[in-house]
Amino acid sequence: MSEERKIVLLVSGGPDSATLAKIAEKELRKTGGAVNAIYLKSGHPSDEKEIEAANAIIKEIGGKLEIIDISDMVQALGNGRVLIHSEAAILPHGNTLVLSLAAAYARRIGAKEIWIGLHKDDADENIEYTKDFISKLQGILNIISSELTINTPLLDKRKEEVFEIGGSLGLDYSKTWSCIRGNKQHCGNCGACRSRRRAFNLSKQNDPTNYVNEPLALDTAVHE
Ligand SMILES: [Zn+2]
């Protein structure tokens, strides 16, 4: 009997990782297997809304979700975000920590694939999200476990292209969460909200988000 395919998918509750989850769902329909998603709870104000979104997304694709609390670690390292969020402070070595943790998790559950929803805009902003960096990290991980692969199917796409893919796969964007603030609704003004709005506009997808604030004038900045 062949082993069941297992994908460790890093989920944040945002549209990018939700699109990734839909891609995994589509692929697993052909090959069989399961998504074992992990959400890294970092102690930030948006944790609760992100977990709600991550739960909804992973439930929709029939996967499992494990919430791993890394808030004490994040606090001790200066409280930056371990993964990219527009305008929010990013923890240096954050992606290295995240992918190493995902690798250890994959080993524990017997998975050989780690999927992460990084895209081209992320790679343009930070070296830890580039193809070259991921490939080098892959090499390091393979010294420990030769069978493990890091899969970044969205890394050649712009954020708006990711939204187009999500739309074509029937992703319900109302289930996703982007805002870095801990309110009940998207604020509409933080970097993550503006980036979300911009991607909806550029991709010509219907934006179902109820933002508290109207778009700022000359709202063109994505990463600052
Ligand atoms: Zn916001």
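Bear in mind that the values here come from a model prediction, so they are computed numbers and not experimental data.

Enquirer: Is there a simple way to think about helix α4 (residues 94-109) in this case?
Expert: Note: α-helices contain 3.6 residues per turn, so residues at a spacing of three or four share the same orientation. For α4, with 16 residues, the first-to-last C-alpha span of 23 Å sits near the 22 Å given by 1.5 Å per residue. Looking only at α4, the buried set comprises Gly94, Asn95, Val98, Leu99, Ala102, Ala103, Tyr105, Ala106 and Ile109. Down the axis, α4 shows its buried residues gathered within 165 degrees of arc, on one side only. At its buried positions, α4 is contacted by β1 (6-10), β2 (34-41), β3 (64-69), β4 (113-115), α6 (131-144) and β5 (149-151). Backbone geometry just after α4 places Gly110 at a positive phi near 75 degrees.

Enquirer: Explain the packing of aromatic side chains here, please?
Expert: Within a pair of aromatic rings, the relevant descriptors are the distance that separates the centres and the angle that separates the planes. Scanning the model with the defined rule gives three aromatic pairs in all. With a centroid separation of 5.2 Å and 20 degrees between ring planes, the pair formed by Phe163 and Tyr173 is classed as stacked. Of this pair, Phe163 sits in helix α7 (residues 159-168) while Tyr173 sits in the loop between α7 and α8 (191-203), and the two are 10 residues apart along the sequence. Relative accessible area serves as the criterion here: at 0%, Phe163 is assigned to the buried category. What makes Tyr173 buried here is its relative accessible area of 5%. Aromatic side chains Tyr173 and Phe200 sit 5.1 Å apart centroid to centroid with 80 degrees between the ring planes, which places their arrangement in the edge-to-face category. Here Tyr173 is found in the loop between α7 and α8, whereas its partner Phe200 is found in helix α8, with 27 residues between them in sequence.

Enquirer: Looking at this structure, I do not really get the coordination of the zinc ion. What am I missing?
Expert: As a benchmark, a tetrahedral metal site with four donors has ideal angles of 109.5 degrees, while an octahedral site with six donors has ideal angles of 90 or 180 degrees. In this structure, Cys179 (SG), Cys187 (SG), Cys190 (SG) and Cys193 (SG) serve as the protein donors to the zinc ion, at separations of 2.3 to 2.4 Å. In this structure, the zinc ion is surrounded by four donor atoms whose angles at the metal cover 106 to 114 degrees, and the resulting shape is tetrahedral. Here the donor residues for the zinc ion map to a single chain with the spacing C-x7-C-x2-C-x2-C. Across the pair, Cys193 and Cys187 agree in class, each one buried.

Enquirer: Would you explain the pattern of salt bridges in this entry?
Expert: Here the idea is simple: oppositely charged side chains can pair when their charged atoms come close. Applying the stated criterion across every chain, the model contains 16 salt bridges. A salt bridge links Glu25 to Lys22, with the nearest nitrogen and oxygen atoms 3.1 Å apart. Placement of the pair is Glu25 and Lys22 together in helix α1 (residues 15-31), with a separation of three residues, close to one helical turn. For Lys22, a relative accessible area of 8% puts it in the buried group.

Enquirer: I keep staring at the sheet that holds β5 and nothing clicks. Help me out?
Expert: Whenever strands of a sheet pair, they do so through backbone hydrogen bonds, lying parallel or antiparallel. In space, the five strands of this open sheet follow the order β3-β2-β1-β4-β5, with parallel pairing throughout. Taken across any chain shown, the strands that pair with only one partner, and hence form the sheet edges, are β3 and β5. This sheet shows a mean twist of 25 degrees between the axes of neighbouring strands, independent of strand direction. Of the strand pairs in this sheet, β1 and β2 are connected by five bridges, and their pairing is parallel.

Enquirer: I tried to follow unusual backbone geometry on my own but got confused; where do I start?
Expert: Generally, phi is negative for residues other than glycine and the peptide bonds are trans, each holding for most cases. Even without being a glycine, His93 presents a positive backbone phi close to 75 degrees. Relative to the elements of secondary structure, His93 occurs in the loop between α3 (71-76) and α4. We note that Lys204 has phi near 60 degrees; this positive angle belongs to a residue other than glycine. Turning to its location among the elements, Lys204 is positioned in the segment after α8. Overall, the relative accessible area of 74% leaves Lys204 in the exposed class.

Enquirer: Quick question: what am I supposed to make of the packing of α4 against α6 here?
Expert: Each pair of packed helices can be described by the angle between their axes along with the distance between the axes. Packing of α4 against α6 leaves a shortest axis separation of 11 Å and a crossing angle of 35 degrees. With respect to the hand of their crossing, α4 and α6 are arranged in right-handed fashion. Residues Asn95, Thr96, Leu99, Ala103 and Arg107 of α4 pack against Phe133, Ile134, Leu137, Leu141 and Ile144 of α6. The class makeup of the residues in the contact of α4 with α6 is seven nonpolar, two polar and one charged.

Scoring rules and cut-offs
Residues numbered from 1 in each chain as written. Predicted model: local features only at pLDDT ≥ 70, side-chain atom pairs only at ≥ 80, totals over all residues. Heavy atoms only, no water. Helix = DSSP H or I, 4+ residues; strand = E, 2+ residues; numbered from the N terminus. Expected span 1.5 Å × (residues − 1). Buried < 20%, exposed > 50% of the residue type's maximum accessible area, 1.4 Å probe, protein only. Arc of directions from axis to C-beta. Contact = heavy atoms within 4.5 Å. Phe/Tyr/Trp six-rings, centres within 6.5 Å; stacked < 30°, edge-to-face > 60°. Donors = N, O, S within 2.8 Å, 3.2 Å for Na, K, Ca; no water. Tetrahedral: all angles 85-135°; square planar, octahedral: opposite > 155°, others 65-115°. Salt bridge = Lys/Arg side-chain N within 4 Å of Asp/Glu carboxyl O. Pairing = 2+ DSSP bridges. Axes fitted to C-alpha atoms, helices over the stretch in contact; angles between N-to-C directions. Left-handed = near helix turned anticlockwise from the far one by under 90°. Nonpolar A, V, L, I, M, F, W, Y, C, P; charged D, E, K, R; others polar.

Function cannot be inferred from these measures alone, as they are strictly geometric.
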